[in-house]
Amino acid sequence: EVMQKSILGGQLPLVTTNPNRLEEQAQKAMPTKGFDYIKGGAGESATMDANRLAFRQWKIIPRVLRPTNPRDLSVELFGHKYDTPVLMAPIGVQALYHEDKEIGTASACANLRVPFTLSTASSTGIEELVKASPDGPKWFQLYWPLDEEITASILGGAKANGFKALVVTLDTWTLGWRPCDLDTANVPFIVGEGDEVGFQDPVFRKKFAEHTDGETPEDNRIGAAMHWLSETFPGVSRSWEDLAILRKYWDGPIILKGILSAEDANLAVQHGMDGIIVSNHGGRQIDGAVAALDVLPDIVDAVGKQTTVMFDSGIRTGADMVKALALGAKAVFVGRPIVYGLGIDGAAGAEAVLAGLLADLDLTMGLAGVKSVGDLQRSMLRRVQYPG
Ligand code: FNR
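Residues numbered from 1 in each chain as written. Predicted model: local features only at pLDDT ≥ 70, side-chain atom pairs only at ≥ 80, totals over all residues. Heavy atoms only, no water.

Asker: Help me out: how do you make sense of the pairing of strand β9 (residues 275-278) in this one?
Answerer: It is a general feature of regular strands that their side chains alternate between the two faces of the sheet. A two-sided burial pattern is seen for β9, the buried positions comprising Gly275 and Ile277 on one face and Ile276 and Val278 on the other. As paired elements, strand β8 (residues 254-259) and β9 share four bridges and run parallel to each other. Looking across to β9, one finds that Lys257 is bridged to Ile277. Each parallel crossover has a hand, and the one from β8 via helix α12 (residues 262-270) to β9 is right-handed. Where β9 and strand β10 (residues 308-311) come together, four bridges link them in parallel fashion. Bridge pairing in β10 places Ile276 opposite Val309. (Buried < 20%, exposed > 50% of the residue type's maximum accessible area, 1.4 Å probe, protein only. Helix = DSSP H or I, 4+ residues; strand = E, 2+ residues; numbered from the N terminus. Pairing = 2+ DSSP bridges. Right-handed = clockwise from strand over helix to strand, strands pointing away.)

Given below as structure tokens:
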């Protein structure tokens, strides 16, 4: 359909269909502060680059004379059937990129029946989001505060508003070394009035008032943002035993995000977790960390039969999705590309990017001779190495 409109209909696409030009188009359209925040990796961006290079090292071996229509892209995750194995990754502070913010990306996802993951660091409160974009499956991502009362309040809000699964991000108990923000003194967590991250949580508000002798976050926006940052990224890592705290406040599936080691994947299983996301946070935390795709096969071999292994970090095309799924991921999360679409044209831009990626996935599977997601196998890939 995307191809028909552009090639046969002569209708130019809203957003470029060339994955290598998307960032450039977004840079022209987006506020500088937003673009700097999203494009950046940690350090010299070695891990961000590695995420892409890792995909280049796998090639697809297509099969021919295999009818692949109609194709079935559906998957089952934690007892729910989804139309495709694609989700939107949690991305914070979306008011930085476009005034449609999380409401824009969530609506784009809902229109395409793609699960949307709301970040703890969102510019849109949980209730505000669900009111503005009630349709479509939603997952919630937790940045885990040390304060148990705040944790309980955030999880209570997510549960009351119908979020289906909890994604707990473990690689960001403190922010990585990000020159893009440090060199520009970018404080991404304050955007415009009403778009402050995290201010809506009632327990956070109560504690802030206690801490400041009665001030509300609105009276002292900078102070409240700093207080929120110190609660959310406390600079102290949790331990495996602490996972029991989350079970007290969340009875649905719990998924650990930011797993790169097979040992940790095993520990996640031992601690009764429902799933993991193999991810290096898009290269934004440890510069020099391994590409997420490079460790995916080891982790699938270690725990793929016992738990649901999912993947993000570096997905830019349908072929990338095919590769991660063939290496054993049950689903993949798309991050930066959707938000570039948001920056280019709000909700419609986010939807254009996502629709393009889903079409590309469908087409690539069909051309490779694969009829359903369950038929994607490691044997259809060949690992190659080109010089340089
Ligand atoms: C992120 N990511 C992220 N992860 C998370 O758990 N909570 C969050 O609030 C954010 N915020 C965020 C902001 C921005 C601007 C980026 C680029 C990323 C990480 C995200 O969920 C995912 O792991 C990466 O985006 C994957 O990398 P690619 O494929 O987008 O490069």
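Asker: What exactly am I supposed to notice about the packing of helix α7 (residues 148-160) against helix α9 (residues 202-211) here?
Answerer: When two helices pack together, their arrangement is given by the angle between the helix axes and the distance between those axes. At a closest axis distance of 8 Å, the pairing of α7 and α9 adopts a crossing angle of 150°. With respect to each other, α7 and α9 are oriented roughly antiparallel. Residue-level inspection shows Glu149, Ile150 and Ser153 of α7 in contact with α9, the latter providing Pro202, Val203, Phe204, Lys206 and Lys207. The residue makeup of the contact of α7 with α9, split by class, is four nonpolar, one polar and three charged. (Axes fitted to C-alpha atoms, helices over the stretch in contact; angles between N-to-C directions. Parallel < 35°, antiparallel > 145°, perpendicular 65-115°, else oblique. Contact = heavy atoms within 4.5 Å. Nonpolar A, V, L, I, M, F, W, Y, C, P; charged D, E, K, R; others polar.)

Asker: Would you mind showing me how to read the site of the ligand here?
Answerer: Taken together, 23 residues lie around the ligand, and Pro90, Ser119, Thr169, Arg316 and Arg336 are the ones closest in. Between Lys257 and the ligand, the recorded distance is 3.0 Å, taken from a side-chain N or O atom to a nitrogen atom. Taking Arg316, its side chain carries an N or O atom lying 2.7 Å from an oxygen atom of the ligand. Protein burial of the ligand: of its 610 Å² of free accessible surface, 98% is covered by the chains. Per-class residue counts for the shell around the ligand are eight nonpolar, ten polar and five charged. (Near = heavy atom within 4 Å. Polar contact = N/O pair within 3.5 Å; in protein donor to acceptor, adjacent residues only side chain to side chain. Areas by Shrake-Rupley, 256 points an atom, 1.4 Å probe, with all protein chains shown as cover.)

Asker: Help me understand α7, please; the structure alone is not making it clear to me.
Answerer: Here α7 spans 18 Å end to end across 13 residues, near enough to the 18 Å set by a 1.5 Å rise per residue. Among all positions in α7, only Ile150, Thr151, Ser153, Ile154, Leu155 and Ala158 are buried. Those residues of α7 that are buried lie in contact with α6 (126-132), β6 (138-142), β7 (166-169), α9, α10 (221-232) and α11 (243-249). Its side-chain oxygen at 2.9 Å from the backbone nitrogen of Glu149, Asp147 defines the N-terminal cap of α7. (Expected span 1.5 Å × (residues − 1).)

Asker: Please clarify how helix α15 (residues 336-367) should be interpreted in this entry.
Answerer: Side chains of residues three or four places apart in an α-helix project in the same direction, reflecting 3.6 residues per turn. Between its terminal C-alpha atoms α15 stretches only 26 Å, short of the 46 Å expected from 32 residues at 1.5 Å a residue. At Asp345, α15 is bent by approximately 140°, the largest bend along its length. One or two positions beyond α15, positive phi appears at Gly369, with a value near 85°. (Bend = angle between axes of the 7 residues up to and from the residue.)

Asker: Sorry, what's going on with the pattern of salt bridges here?
Answerer: For side chains bearing opposite charge, pairing can occur when the charged atoms are close. Counted by the stated rule, this structure contains 15 salt bridges. Here Glu149 and Lys206 are joined by a salt bridge, their closest N and O atoms 3.5 Å apart. Taken together, the residues Glu149 in helix α7 and Lys206 in helix α9 connect sequence positions 57 residues apart. Taking the relative accessible area as the measure of exposure, Glu149 reaches 41% and is therefore partly exposed. Two residues, Lys207 and Glu149, come together in a salt bridge whose shortest N-O distance is 3.2 Å. Residue Lys207 is located in helix α9, and its partner Glu149 is located in helix α7; the two are separated by 58 residues in the primary sequence. (Salt bridge = Lys/Arg side-chain N within 4 Å of Asp/Glu carboxyl O.)

Asker: Explain the packing of aromatic side chains here, please?
Answerer: Working definition: an aromatic ring pair is given by the centre-to-centre distance plus the angle between the planes. Inspection of every chain in the model, using the stated rule, returns ten aromatic pairs. Between Tyr82 and Trp139 the ring centres are 6.3 Å apart and the planes differ by 65°, which places this aromatic pair in the edge-to-face class. A residue pair is termed long-range when its members are at least 10 positions apart, and Tyr82 in strand β3 (residues 80-82) and Trp139 in strand β6 qualify at 57 residues. A connected cluster of aromatic rings, assembled from ring pairs, spans Phe78, Tyr82, Trp139 and Phe333. Lying over the aromatic face of Tyr37, Arg284 brings its terminal NZ or CZ to 4.7 Å of the ring centre. (Phe/Tyr/Trp six-rings, centres within 6.5 Å; stacked < 30°, edge-to-face > 60°. Lys NZ or Arg CZ within 6 Å of the ring centre and 35° of its normal.)

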